[in-house]
Amino acid sequence: MSSIIQLLPDHVANQIAAGEVVQRPASVVKELLENAIDAKATDIKLIIKDAGKTLIQVIDNGIGMSVTDARLCFERHATSKIRHAEDLFDLHTKGFRGEALASIAAIAHVELKTKQDQEELGHHIIIEGSKFMSQEVAVLPKGTSFLVKNLFFNIPARRNFLKSETVEMKHIMDEFQRVALAHPSIYFTLIHNGSENYNLPSSNYRQRIVNILGGKTNEKLVPVSEDTEIVTISGFISKPEYAKKSRSEQFFFVNNRFIKSGYLHHAIMSAYDGLLKEGNQPSYFLYLKVPPHTIDINIHPTKTEIKFDDEQALYAILRSSVKHSLGQFNVAPVLDFERDPNLDTPYEYKDKSSHAPLIQVDANFNPFADETPVAKSSSPSFSSSYSSKGNYAKKETATSWESLYVDLRQDTKEVESIAIESEEVTGSFFESMDINITPSRTYQIHKKYIVSSIKSGMLVIDQNKAHQRILYEQYLANITVKKASSQQLLFPLELHFTKEELLFIKELLPSLENTGFIFDEIGKERIQIIGIPVSIQESEVSILLEELINGLQTNVPESSFCLNDGIAKTMAKSVAVKTGTYLTELEQENLVNSLFACKDPNVSPFNRPTFITISVEDLDKKFAL
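Computed from a prediction, not measured in an experiment: that's the story for all the values here.

Asks: What is the right way to read helix 12 (residues 499-515) from this model?
Replies: Along an α-helix, a turn takes 3.6 residues, which lines up residues three or four apart on a common side. Between its first and last C-alpha, helix 12 extends 23 Å over 17 residues, near the 24 Å set by a 1.5 Å rise per residue. A maximum bend of about 60 degrees is found in helix 12 at Leu509, where proline Pro510 lies one to four positions downstream. Within the span of helix 12, buried status applies to Glu500, Glu501, Leu502, Phe504, Ile505, Leu508, Leu509, Ser511, Leu512 and Thr515. At the C-terminal side of helix 12, Gly516 shows a positive phi close to 125 degrees.

Asks: Got a minute to help me understand the sheet that holds strand 7 (residues 187-192) in this structure?
Replies: Strands pair in a sheet through their backbones, by hydrogen bonds, and they do so in one of two ways: parallel or antiparallel. Strand order in the open sheet made by the eight strands is 5-4-3-6-2-1-7-8, with mixed pairing throughout. The outermost strands of the open sheet, each flanked by one partner alone, are strand 5 (131-138) and strand 8 (195-200). Strand-to-strand, the axes of this sheet are offset by a mean angle of 10 degrees, without reference to chain direction. The pairing of strand 2 (residues 55-60) with strand 6 (residues 143-149) spans six bridges and is antiparallel. Residue pairing for strand 6: Leu55 is matched across the bridge by Lys149. Contacts between helix 2 (residues 25-38) and the sheet are confined to strand 1 (43-49), strand 2, strand 6 and strand 7, with strand 2 contributing the most and set at about 10 degrees to the helix.

Asks: Can you walk me through the pairing of strand 3 (residues 109-115) in this structure?
Replies: Both faces of the sheet carry side chains from a regular strand, because those side chains alternate between them. Most of strand 3 is tucked away: six of the seven residues are buried. Taken together, the six bridges between strand 3 and strand 4 (residues 122-128) define a ladder with antiparallel strand orientation. Considered in strand 4, the bridge of Lys113 is made with His124. Judged from the seven bridges that link them, strand 3 and strand 6 form a sheet pairing that is antiparallel. Each bridged residue has a counterpart across the sheet, and for His109 the counterpart in strand 6 is Lys149.

Asks: Explain the pattern of salt bridges here, please?
Replies: Side-chain pairs of opposite charge can arise where the charged atoms are in close proximity. Enumeration according to the criterion identifies twelve salt bridges in this entry. Between Arg24 and Glu168 there is a salt bridge, with the nearest N and O atoms lying 3.1 Å from each other. Linking Arg24 in the loop between helix 1 (10-21) and helix 2 with Glu168 in helix 6 (residues 165-182), this pair joins segments that are 144 residues apart in sequence. Given a relative accessible area of 22%, Arg24 falls into the partly exposed group. The salt bridge involving Lys244 is made with Glu249; its shortest N-O contact spans 2.9 Å. Across the pair, exposure class does not vary: Lys244 and Glu249 are buried alike. Here the residues in one salt-bridge network are Lys244, Glu249 and Glu501, joined through shared partners.

Asks: How should the nonpolar core be read in this particular structure?
Replies: Side chains that are nonpolar tend, in soluble globular proteins, to be buried together. If you look at the biggest cluster of nonpolar residues, it comprises 58 residues, and the most contacted ones within it are Leu32, Ile44, Leu46, Phe74, Val148 and Phe188. Broken down by element, the residue count for this core peaks at eight residues, all from helix 6. When neighbours within four sequence positions are excluded, Ile44 is seen to be in contact with Leu33, Ala36, Ile37, Val58, Ile59, Asp60, Ile186, Tyr187, Phe188 and Thr189. Grouped together as the second largest cluster of nonpolar side chains are 32 residues, Tyr472, Tyr475, Leu544 and Met571 included.

Asks: Got a minute to help me understand the sheet that holds strand 20 (residues 518-522) in this structure?
Replies: Ordered in space as 19-21-20, the three strands form an open sheet in which the pairing is antiparallel. Only two strands of the sheet have a single neighbouring strand rather than two, namely strand 19 (486-496) and strand 20. Averaged over all neighbouring strand pairs, the angle between strand axes comes to 15 degrees, with direction disregarded. Helix 12 rests against strand 20 and strand 21 (526-533) of the sheet, and its axis sits at about 155 degrees to strand 20.

Asks: Explain the side chain of His192 here, please?
Replies: With respect to the helices and strands, His192 occurs in strand 7. Exposure remark for His192: the relative accessible area of 10% places this residue in the buried category. Of the polar contacts made by the side chain of His192, one reaches the side chain of Asn193; its length is 3.4 Å. Leave out the neighbours within four places in its chain, and His192 touches Ile48, Lys49, Asp50, Ala51, Glu165, Met169 and Asn197.

Asks: What am I meant to see in helix 2 here?
Replies: Along its 14 residues, helix 2 runs 20 Å from first to last C-alpha, staying within 8% of the 20 Å computed at 1.5 Å per residue. Among the 14 residues that make up helix 2, 13 are buried, leaving the element largely enclosed by the rest of the structure. With its phi angle positive at about 65 degrees, Lys40 sits one or two positions after the end of helix 2.

Conventions and cut-offs
Residues numbered from 1 in each chain as written. Predicted model: local features only at pLDDT ≥ 70, side-chain atom pairs only at ≥ 80, totals over all residues. Heavy atoms only, no water. Helix = DSSP H or I, 4+ residues; strand = E, 2+ residues; numbered from the N terminus. Expected span 1.5 Å × (residues − 1). Bend = angle between axes of the 7 residues up to and from the residue. Buried < 20%, exposed > 50% of the residue type's maximum accessible area, 1.4 Å probe, protein only. Pairing = 2+ DSSP bridges. Axes fitted to C-alpha atoms, helices over the stretch in contact; angles between N-to-C directions. Contact = heavy atoms within 4.5 Å. Salt bridge = Lys/Arg side-chain N within 4 Å of Asp/Glu carboxyl O. Core = buried A, V, L, I, M, F, W, Y, C linked by side-chain atoms within 4.5 Å. Polar contact = N/O pair within 3.5 Å; in protein donor to acceptor, adjacent residues only side chain to side chain.

What follows is the structure, encoded as structure tokens:
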């Protein structure tokens, strides 16, 4: 029998490897940025067009490459990071496998321009689908420029799997933020379609976090610092009152490498135990320094998962250090009823020595030097002469109170001629509409269910899910058919968001305006709202927009109908009457009538049943002997 095992050609092997290394444009951004950092660059510029589908370019001022290295870097497993297998346990660089550039060159058009500092000329190499097209000498500045065009040009199936431009740009910004947060000493710039999204000068960790997430982030941060033999922890956590629904602001960095760890995240959550509302997530930016030989990075192609030698000890140290920071900055409440906060000593004063307070005394001070003795006298002249100095002078009698009302107009109006609002205006959770009152009454049970009688038995309605269905169909009609009415705000509502969140708000802007929102201004880090939908309270707007962004930023649908459907679902879920809300009898009947006027009253927008029926026969069986 003939042999059937054969070696794959290099271009096929590179395309297979690209499936693991390059999943989307953000993967290319990550690999090129990490290569620039490994090249000891201090200024890195990232240029994106069409969310990376057309162009990804990374320009750095690193050490550059020689002509041999420039040709060799596109070969598989060609790397300058390691030499032996033992080096995998002593890594001080981002990359080490030598697969990234070969994988990128296999599925895109790549141009490499590089020059070393000591060389007079640089080198310009063009590769298309793993094929060398040209190589020539060029006049270039010090550093390296990688230009990746037409990603997945030779694999159209992979290109079709890419999401919308908003989603792909969101992933690129995620990778950019992770690298920029890990290296605050490097100057980073991000340009997308000609506009500058980020300009991050060299700074410290706190300033880098504020520059990325906005100025309002500074007041949320609580520093964390702990130094042990196992790990050195530094960074910041957020105050409990600033917790969010999403996990978008949670970062772990181990030896300046971003990682994901559910085990370490659980340590943070346990430290916040009892301080957060259900479903809220704290923000944290924690930098862990561990000996390189105690971790294993080579377990996942994206290098975001790490194995630790002693995870239990790391868990305990991390949990205690976060809890300590929450306590020392008076973020967590202290149950000590006899504690005097005035006697608290700042934590940074624990190593300072005490000294006696300095008291300055004026030896020449005489409190009686300016006073002159005055003889006692009962004559009237004593009183008048002393009053001239302002001492013991008798105050003049106050003017009569009747003089305040002198020369006032005496015009009066008859009370009957003044038009006043006779009917009391009261707000209702549901829209006012004509209801045909039926003889059957409705009852609310445990402020959760509405019970109504029908011919065949009894109807039990879940008020929250039923109201979701009603609002969902209303919002969907407003977005797609007719524009909803708005209520004007007396004062503009100003909300702050990150640049990444504003990217989604701009994407959803037409649909939000159709539901009743009126936006006055959309800046780099904030938005101003002057009108909101009638059924929404002003205090609910920030929560609603946050939930809307969190629900849609992971996967914005391609079609506009799916996008509008997601907006309507999220808004209906946020605004619907909650369990535990008391409803009047009129509101109950309004809810029941509105539910059965819907196109699909049986299920909520999330396919949960809105009501159940209990027949008389079922009730008879319950009471049968």
